[in-house]
Every structure is written in C-alpha cells, then in structure tokens.
Amino acid sequence: MAFLEIRNIDAFYGDVQVLFDLSLNVAEGEVVSIIGGNGAGKSTLLRTISGLIKPAGGEIIFDDRPIQTLPPEEIVGCGIVHVPEGRRLFSLMTIKDNLIVGAYNKRADMHKEETLKQVYAMLPRLAERENQMALTLSGGEQQMVAIGRGLMAMPRILMLDEPSLGLAPVLVNSIFETIRKIADQGTTVLLVEQDVNHSLSLSDRGYVLEHGRVAMEGAAADLLADPHIKEAYLGI
C-alpha cells in the first residue's frame, strides 16, 4: 500500500499549467527519485505535495488521509518535510539556531533537544561549528544545515530538491552518503536531483518527468540501464 499517493494532479503557476494528470506513489521506507530536464515540473511537484501550490485537480493522499487542501504548516505536522532547492538558510543566524527553527511544529518541538543530538551525531561537523553564522559556511556545509533543519521537523517523508546543486564532486558524494544514512534510519525519501547517476544509484524506484507528465517509471536499476535514460540524462 502506498504511503504517499499522488492521484491525477494538475498544477498551475497563474494561467500556465505545469503538471498534467500526474500520478505516482511512494511506499513507506522507500527512496524514490524524480528525474527530468529543466522545466519538467520536478520542483513544482514537491511544492504541490508540501502545500505551497494548491493542485487544480486530483488528490494527494498521505497515510490514507487526503492532504491537498491542508496549509503547508499542517502538512509538515503530518510528517512531510520539504528541503527546498537553494538551501534558504537564515544567513545571520547560527547553525544551531537554523536547526532549531526546523522544529517549529508541535510534535517536533516536544522532542527538539533529543532530535538535535541525533542530527549532530549524523552530521558531526555541524556540532563542532554550531555557533558559526550560516553566511560564513561553504555551499556544502550550508546544504548539510538545510538537511539537518529538515530532520529537526521529524519527517516521516523527507523531500529533497536538488541537494547537490552547485557543489564540488567530493561534496556531492558526502551529501548522498548523508541521504543514505537518513534512509537507513527508516525515513522515507523523495528525491529530486539532476545528478541522475547518483540519485538512481541510491534509490529503490524512479519516475521520469517530461513536460509535467510521467514519461517513465520503474525500478531504479532498470532506469539506469535504459538506453533513453543513458542518452538523455547520462550523456552515454
């Protein structure tokens, strides 16, 4: 049974339709990748799931509950947490304060000290530098803070939008190692990522979006081996 099920959603920016009758599902404990070119609708999909965009049609079912009409803060309270593209930290706040902000929902706030210890155990560099201002961090460190802030909300599903964007290759490896740790600890992950090789290698299944529609879906290993994927996204 699907943990998260997207049923035939349409989504618009103003008068421009971006998602068309799109359906997909994520089982509890899975890592699922969403891949596709620029403008395919990947980020719009995550924004729609997290309530930042209201779908014009269709349903979003999470743990057997329709959530497409809920405000974003209630969706976070349900356990769906979105780490957006571009990190979006509070630059004049410390690492620790940026992390604590993530625990603003009632459920997470009750456990924030315990969760902070868990985040520091997973990302020890953040613990070492917890009083450093976010604006002084490297791109990779900022991305780690953004992921840590998402974990502070105690996600049942963690949605990551382009976590490796703009990072050096050695840092990309570190980011994906962190995502694997998160998944290994039982958090379901929905991953939007242009580094198709890394994302599918990490994932159980994947969906390919083209022009706001699901063009392909399947086991991640099968997608990696598909000639169309190799040519279009891996340059092979």
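Computed from a predicted model, the values in this text were never measured in an experiment.

Cut-offs applied
- Residues numbered from 1 in each chain as written.
- Predicted model: local features only at pLDDT ≥ 70, side-chain atom pairs only at ≥ 80, totals over all residues.
- Heavy atoms only, no water.
- Helix = DSSP H or I, 4+ residues; strand = E, 2+ residues; numbered from the N terminus.
- Expected span 1.5 Å × (residues − 1).
- Buried < 20%, exposed > 50% of the residue type's maximum accessible area, 1.4 Å probe, protein only.
- Arc of directions from axis to C-beta.
- Contact = heavy atoms within 4.5 Å.
- pLDDT = per-residue confidence, 0-100.

Caption draft 1: How the structure looks around helix α8 (residues 169-184). For α8, built from 16 residues, the straight-helix expectation of 22 Å at 1.5 Å per residue is met to within 8% by its first-to-last C-alpha distance of 23 Å. Restricting attention to buried positions, one finds in α8 the residues Val172, Ile175, Phe176, Thr178, Ile179, Ile182 and Ala183. The arc that holds the buried residues of α8, viewed along the axis, is 150°, so those residues lie on one side. Along α8, exposed side chains directed more than 90 degrees from the buried face belong to Val170, Glu177 and Asp184. The elements touched by buried residues of α8 are β3 (31-35), α5 (112-122), α7 (139-152), β7 (157-161), β8 (188-192) and α9 (196-202). Just downstream of α8, Gly186 is the residue with a positive phi angle, here 105°.

Caption draft 2: Structural view of the confidence of the model for the protein chain. Of the residues in the protein chain, 99% reach a pLDDT of 70 or more, and the chain-wide mean stands at 93. By mean pLDDT, helix α11 (residues 227-233) is the weakest element of the protein chain at 87, and β8 is the strongest at 98.

Caption draft 3: A look at unusual backbone geometry. The residue Asp63 is not glycine, and still its phi comes out positive at about 55°. Mapping Asp63 onto the fold places it in the loop between β4 (57-62) and β5 (65-66). Phi is positive for His211, close to 55°, though the residue is something other than glycine. Looking at the element boundaries, His211 is found in the loop between β9 (205-210) and β10 (213-219).

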